[in-house]
Amino acid sequence: MRKKNYFKTLLLAGLFSAAFPLGAQTPVRPYDEWEATQFVAVSLFQPEDYVRLDNNWEILYNLRTPRALDELREMGVKCSDSQWMLLRVAGLIRRTPEKRWKTTMPILDKEQTAALRGQSEEIARSIYGKTKADFVSLAEAIDGMGFAGNRLSLLFSYLLDGRMWTKLTLFDDVDNNMGWSGCYWALYEPREGTKFGTNGFGEQDLIMTYVDSDIAPANSLMERCAEELAQSGKVTDPRLIAQLKPYGMVDDEGGPLFPVIKRVNDRFHQLTARLVDAISTELKANCGSLKERYGIDKENVAMVILYHEVMWGLMDNLIQDKVLTVPASLDDAAANKNHLNEVLFFIEGGLMQ
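About the criteria used
- Residues numbered from 1 in each chain as written.
- Predicted model: local features only at pLDDT ≥ 70, side-chain atom pairs only at ≥ 80, totals over all residues.
- Heavy atoms only, no water.
- Core = buried A, V, L, I, M, F, W, Y, C linked by side-chain atoms within 4.5 Å.
- Buried < 20%, exposed > 50% of the residue type's maximum accessible area, 1.4 Å probe, protein only.
- Helix = DSSP H or I, 4+ residues; strand = E, 2+ residues; numbered from the N terminus.
- Contact = heavy atoms within 4.5 Å.
- Salt bridge = Lys/Arg side-chain N within 4 Å of Asp/Glu carboxyl O.
- Pairing = 2+ DSSP bridges.
- Patch = residues over 30% accessible without salt bridge, like charges linked within 9 Å, V, L, I, M, F, W, Y side chains within 5 Å.
- Areas by Shrake-Rupley, 256 points an atom, 1.4 Å probe, with all protein chains shown as cover.
- Lys, Arg positive; Asp, Glu negative; His and termini not counted.
- Charge placed at Lys NZ, Arg CZ, Asp CG, Glu CD.
- Phe/Tyr/Trp six-rings, centres within 6.5 Å; stacked < 30°, edge-to-face > 60°.
- Lys NZ or Arg CZ within 6 Å of the ring centre and 35° of its normal.

Q: If you had to explain the nonpolar core to someone new, which residues and values would you point to?
A: With 84 residues, the main nonpolar core has L160, M249 and Y307 as its most contacted residues. At 13 residues, the largest contribution of residues to this core is made by helix α12 (residues 299-320). Excluding anything up to four places from it in sequence, L160 contacts F135, L155, W165, I279, Y307, M311, L314 and M315. In this structure, W34, Y50, W101 and A186 belong to the second largest nonpolar core, which totals 29 residues.

The following block contains the structure:
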C-alpha cells in the first residue's frame with residue numbers, strides 16, 4: 001500500500017512574490033488574496049508547492065480560459081518550456097479537445113464565490129435544522145466515552161471531514177496526478193467564520209484537527225507515533241515519549257491521552273452513520289447545476305468544493321448553539337500546546353476505511 005499523508009489546508013501564508021510581466025493584458029490578483037483549499041492525499045508534493053514556484057499562479061489564472069502556449073506568451077505572460085512541462089506533469093493543466101490548454105484548478109471569481117457561499121449557507125441551515133438533535137446526541141455519546149474535550153475534533157474530523165467522504169468521494173476517485181490525488185481550488189476571498197482542517201498521519205489512522213497545522217510536533221514525530229500506536233497500542237520508544245509528552249499526547253508509559261476509536265457497533269458509530277446518510281442525501285440533491293453554474297469541469301470536484309463550504313457552515317451553527325466549543329489548542333495554540341490531545345484521535349484501520 002502506498003503511504004500517504006492527508007492535507008487539507010487553507011493557503012493564506014503570504015509567501016507569494018513572483019513579479020508579473022509588464023505586457024500582460026489582465027493584471028493578476030495575487031495568490032495570497034484568494035482562499036485556496038486542498039482536498040488531497042500526498043505522496044510527493046502537494047499542488048500548492050507547484051503553484052508558488054516562479055509565476056505559475058499567473059499562468060494558471062490566465063488558463064481559466066483555454067489557450068495555446070503561444071497565445072499565452074503573446075499576452076505577455078512569461079512561461080518557459082520547463083514551467084509548462086512541470087505544470088503538465090503536476091496535473092495542473094490539461095489539453096482540451098480543441099488542442100488548447102486549461103487549468104484543472106477551479107478558480108471562482110467574486111460573483112461565483114458569493115453565489116457558492118450563499119448556496120452553501122442555505123444547504124447548511126437546512127441540514128442543521130433536520131439533524132441538530134442527532135448532533136447533540138453524538139456530542140453526548142462522545143462525553144459518555146470520556147472524551148468531552150474532543151467533541152469538536154470528533155464531530156469535525158471523524159464525521160464531517162472523515163466518514164462523510166466515504167459516502168461522497170475519495171481522493172483517488174477525483175483525480176490522480178504525479179505525487180498527489182484529489183483536487184485543489186481557489187475562491188475569491190476568505191469566508192467568515194473559523195475554517196477547520198484535518199491532517200492524517202501513518203495510514204490515516206492518527207488524525208488531527210487544526211486551524212493552524214503548525215500546532216503539532218514535526219511530521220516525522222507524528223508519523224512515528226502513528227506507527228507505534230498501530231503496532232503496540234501505545235508509544236514504546238522512551239525518547240519519542242519524552243518528545244510527545246509536552247504536547248499532552250501520551251502519559252509516562254506512552255499510553256495515548258486521546259480517543260482510540262475501534263470498529264464496534266456502539267451508539268457513537270450508529271449516530272455517525274445516521275448523520276452521514278442524512279447529510280449526503282441532502283447535499284447530493286443540491287449538486288445538480290454546480291458544474292455549469294461555476295464553470296467546474298467535473299461533477300465530483302464541484303461537490304467537493306460545495307461540501308467544504310457546507311461543513312464549515314455546519315460547524316458555525318454547532319459552535320453558535322454551544323453544541324461545540326473551540327478547544328484551547330485551536331483558540332491559542334502557542335499558549336496551549338500541551339492540550340494537543342484535545343484535537344487528536346486514533347482510529348483502527350484508518351479514517352477513510
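Q: Let's hear about the pattern of salt bridges: which residues, and what values?
A: Evaluated as defined, the whole model comprises 22 salt bridges. For the salt bridge of D32 with R52, the shortest nitrogen-to-oxygen distance reads 2.7 Å. Of this pair, D32 sits in the loop between β2 (10-11) and β3 (35-42) while R52 sits in the loop between α1 (47-51) and α2 (56-62); the two residues are 20 residues apart in sequence, bridging distant segments of the chain. Across the pair R117 and E35 runs a salt bridge whose closest N-O atoms are separated by 3.0 Å. Placement of R117 in helix α5 (residues 110-144) and of E35 in strand β3 is noted, with a sequence separation of 82 residues between them. Per residue, the accessibility class of R117 equals that of E35, and both read buried. It is possible to trace a salt-bridge network through shared partners that takes in E35, R117, R191, K195, E309 and D316.

Q: Describe the pairing of β3, and please don't skip the residues or the numbers.
A: Burial within β3 is extensive, with eight of its eight residues counted as buried. Taking every second residue as pointing to the same face, both faces of β3 are buried, with E35, T37, F39 and A41 on one and A36, Q38, V40 and V42 on the other. As judged from the eight bridges shared by β3 and strand β7 (residues 180-187), these two strands associate in the antiparallel manner. Note on β7: the bridge partner recorded for E35 is L187.

Q: Requested: an account of a negative patch on the surface, with residues and values cited.
A: Residues E121, E122, E189 and E192 make up a contiguous surface patch of negative charge. Within the secondary structure layout, E121 lies in helix α5. With a relative accessible area of 47%, E121 lands in the partly exposed category.

Q: Outline the environment of P238, supporting the account with residue identities and numerical values.
A: Looking at the element boundaries, P238 is found in helix α9 (residues 238-244). For the pair P238 and Y184, spaced 54 residues apart in sequence, the C-alpha separation works out to 39 Å.

Q: Tell me about the packing of aromatic side chains, and name the residues and values.
A: Remark: the centre distance and the inter-plane angle together describe each pair of aromatic rings, the angle taken between the planes. By the definition in use, this model includes 14 aromatic pairs. Residues F45 and Y50 carry aromatic rings whose centres are separated by 6.1 Å and whose planes lie at 75 degrees to one another, so their mutual orientation is edge-to-face. By relative accessible area, F45 is classed as partly exposed at 41%. Overall, the relative accessible area of 9% leaves Y50 in the buried class. Of the aromatic side chains, those joined through ring pairs into one cluster are Y31, W34, W57, Y61 and Y188. Directly above the aromatic system of Y188 lies the positively charged group of R29, at a separation of 3.6 Å from the ring centroid. Note that K337 overlies the ring of Y247, its terminal NZ or CZ placed 4.9 Å from the centroid.

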